[in-house]
Each structure stands twice: as structure tokens, then as C-alpha cells.
Amino acid sequence: MSVPYETAAYEPAESPESPEEHLARLLGRALNSFELPDEVIRQLDCALAHDSSLHSAYHSAGLHRETYRHTWLLADGSAVTLWELVRNPAPGSPPEHEVYVDEEELQTATARLGLLPDTQDFELPSLMRLWAVPEPRHVFSSGDSADHARRLLRRAENPDRPGAETAALLATATAHEITQAFGRPGRAGRTGLSYALYEHAFLLPDDGEISLWEVEHTATPDGRHMCEVYMSEDAARDAMERRATRQG
């Protein structure tokens with residue numbers, strides 16, 4: 001039987017946004033949303049969860065150009081990505097948004113923008129990609145981290161959950177941090193399923209770090225919430241996709 005979460009640790013800053021709401025907001029601000037194929041929109045109507053991230057950015061002389069990657073997890077375990085281009089046509093002007101179905105279309109749109117005419121002080125800046133930026137360290141909070149780890153492992157229901165060796169290591173944890181790793185909790189309106197992925201990072205006495213990845217979902221026969229815990233993000237995402245495929 002699942003144990004309720006500590007609500008303070010999971011309380012979002014604002015109401016969770018469903019995959020459908022996120023898509024509607026993206027299309028509502030994109031100037032070229034009418035160009036997207038109907039088939040892509042139909043696929044995204046059935047998405048279980050979504051994730052958004054900054055892909056690249058240019059900034060120079062009051063001008064900016066950013067690209068975002070928006071990915072939706074579908075019921076069959078596959079994923080669909082839309083690419084958003086955000087730019088201001090002139091310094092101080094409000095941003096304009098465009099959306100594309102693949103990265104090649106995005107690059108074509110970016111190339112056609114070129115340099116602004118009669119703007120001598122505008123210099124083409126270097127491309128900044130997220131993979132070139134060091135990942136931030138976890139911001140740990142002190143507390144009964146060993147007990148948190150114990151309760152997390154106790155409520156995990158998957159047979160391949162971390163074993164006694166991991167439990168013994170986490171019994172020495174001195175601090176921990178909980179973050180949602182797959183955007184906001186996904187709600188699939190047509191199937192009634194929900195999926196969320198959390199990273200539980202623990203600080204050890206030797207300043208080492210270890211993370212457990214928790215999948216919380218309702219893909220159960222009676223629709224109840226179920227907790228699964230894995231040693232890696234890849235294993236957790238694979239479990240989400242397997243569940244989505246079986247329930248699709």
C-alpha cells in the first residue's frame with residue numbers, strides 16, 4: 001500500500017499544467033501554429049506527460065533569439081517534439097514565437113532571419129548550448145534524510161527496486177533534495193492516467209552524491225497511485241514508457 005508523500009516537498013509553485021494545457025498555450029502564442037500538420041495535433045491530444053527545455057540561445061545588442069524543445073510522451077511509449085523559436089525583431093520589442101515540427105525546419109527559419117538591416121552594432125554572437133554549460137550542483141536541505149530514503153524505498157512496489165546495499169548506503173545520508181524531473185505531472189484526459197518522475201538526491205558523509213528516481217503513476221488495475229523506484233533516470237523513463245504502452 002502506498003504511503004502519502006510529504007506534501008510540503010511536492011507542493012508546486014503554481015497549479016500543474018496538463019499536456020493539453022501546455023500544448024494550447026504553446027499554439028496560442030505561435031504566429032505560425034496554423035501550419036502544423038493536423039496529424040501531429042491529434043497525436044499530442046493523447047499525450048500522457050510533457051517536458052520543456054531551453055535548447056540554444058543568442059543574445060547581442062538588445063536582440064535575442066532562443067529555441068526551446070517541447071516533448072510529449074504518448075500512450076504507445078513514443079515521443080513527439082515541437083521546436084519553438086522566440087525572438088525580438090528589434091531591441092526593446094516584444095518577443096515573437098514560432099513553432100516547428102522538426103529541427104531542420106527550425107534551422108531554416110533561424111537562417112532566414114539573418115542580420116537586421118541598418119544595425120551596424122549588431123554582432124552575431126556565439127551559440128550557447130545547454131550541453132556546454134556545467135550542470136548545477138544539487139541544493140541539499142538538511143533534515144532526516146536517512147528516514148526519507150527509508151520511507152521512499154518502503155513504498156516502492158516494483159520488484160527491481162534498489163536493494164539492501166543501497167538502503168544501507170542511504171542510511172548514512174546527511175541531506176537530500178527532491179525535484180520533479182519530467183516537467184509537471186502529466187494528466188492524460190482521455191485515459192485518466194497520470195505519470196510523474198522525481199529525482200531524490202542524497203548527500204553522503206564523504207560529500208558523494210547518489211540519486212534515486214521515483215515514478216509515481218496511476219497505471220494500475222484499480223486506478224490507485226503506485227510508486228516505483230529505480231537507480232537511474234533511464235531505467236525510470238523506460239518503466240514509464242512500458243506502463244504507457246501496456247495501458248495504451
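Residues numbered from 1 in each chain as written. Predicted model: local features only at pLDDT ≥ 70, side-chain atom pairs only at ≥ 80, totals over all residues. Heavy atoms only, no water.

1. Notes on the overall build of the protein
Move 1: What the protein contains, in helices and strands, is 7 helices and 11 strands.
Move 2: Counting across all 248 residues of the protein, residues that qualify as buried make up 42%.
Move 3: Partitioning the contacts of the protein with sequence separation of at least 6, the portion at a separation of at least 24 is 58%. (Helix = DSSP H or I, 4+ residues; strand = E, 2+ residues; numbered from the N terminus. Buried < 20%, exposed > 50% of the residue type's maximum accessible area, 1.4 Å probe, protein only. Contact = heavy atoms within 4.5 Å.)

2. Regarding the pattern of salt bridges
Move 1: Counted by the stated rule, this structure contains 8 salt bridges.
Move 2: For the salt bridge of E84 with R29, the shortest nitrogen-to-oxygen distance reads 2.7 Å. Of this pair, E84 sits in strand 3 (residues 79-87) while R29 sits in helix 2 (residues 19-29), placing them 55 residues apart in sequence.
Move 3: Overall, E84 belongs to the buried group, its relative accessible area being 2%.
Move 4: R29 gets classed as partly exposed once you look at its relative accessible area, which sits at 25%.
Move 5: We note a salt bridge from R150 to D147, for which the minimum N-O separation is 2.3 Å. Here R150 pairs with D147, and both are found in helix 5 (residues 145-155), just 3 residues apart, close to one helical turn.
Move 6: When its relative accessible area of 22% is taken as the criterion, D147 is described as partly exposed.
Move 7: Look at the salt bridges and you will find they share partners, linking D147, R150 and R151 into a network. (Salt bridge = Lys/Arg side-chain N within 4 Å of Asp/Glu carboxyl O.)

3. Topic: unusual backbone geometry
Move 1: One non-glycine residue with positive phi stands out, namely D207, at about 70 degrees.
Move 2: Residue placement: D207 occurs in the loop between strand 9 (193-203) and strand 10 (209-217).
Move 3: What makes D207 exposed here is its relative accessible area of 58%.

4. Comments concerning the pairing of strand 2 (residues 63-73)
Along any regular strand the residues' side chains alternate between the sheet's two faces.
Move 1: As paired strands, strand 2 and strand 3 are joined by 9 bridges and run antiparallel to one another. Its bridge partner lying in strand 3, W72 is registered against V80.
Move 2: Counting the residues that bridge the hairpin from strand 2 to strand 3 gives 5 residues, and of these G77 lies at a positive phi of roughly 90 degrees. (Pairing = 2+ DSSP bridges.)

5. Comments concerning a negative patch on the surface
Move 1: Residues E35, D102, E103, E104 and E105 make up a contiguous surface patch of negative charge.
Move 2: Counting through the fold element by element, E104 comes out in helix 4 (residues 103-113).
Move 3: In this structure E104 comes out as exposed when scored by relative accessible area, which is 64%. (Patch = residues over 30% accessible without salt bridge, like charges linked within 9 Å, V, L, I, M, F, W, Y side chains within 5 Å. Areas by Shrake-Rupley, 256 points an atom, 1.4 Å probe, with all protein chains shown as cover. Lys, Arg positive; Asp, Glu negative; His and termini not counted. Charge placed at Lys NZ, Arg CZ, Asp CG, Glu CD.)

6. Some points on the confidence of the model for the protein
Move 1: The share of residues in the protein with pLDDT of 70 or more is 76%, and the mean pLDDT across the chain is 76.
Move 2: Per-element mean pLDDT across the protein ranges from 34 in helix 1 (residues 7-10) up to 95 in helix 6 (residues 164-170).
Move 3: Below pLDDT 50 for its whole length, residues 115-136 participates in 26 contacts with residues either more than four positions away or in separate chains. (pLDDT = per-residue confidence, 0-100.)

7. With respect to the side chain of E228
Move 1: By the element assignment, E228 lies in strand 11 (residues 226-230).
Move 2: In this structure the side chain of E228 is engaged in a polar contact, spanning 2.3 Å, whose partner is the side chain of Y230.
Move 3: Leaving out residues up to four positions away in the same chain, E228 has contacts with N158, W213, E214, V215, H217, A239 and R243. (Polar contact = N/O pair within 3.5 Å; in protein donor to acceptor, adjacent residues only side chain to side chain.)

8. Looking at helix 2
Move 1: Within the span of helix 2, buried status applies to P19, H22, L23, L26 and L27. Down the axis of helix 2, the buried set is contained in an arc of 125 degrees. They therefore lie on one face. (Arc of directions from axis to C-beta.)

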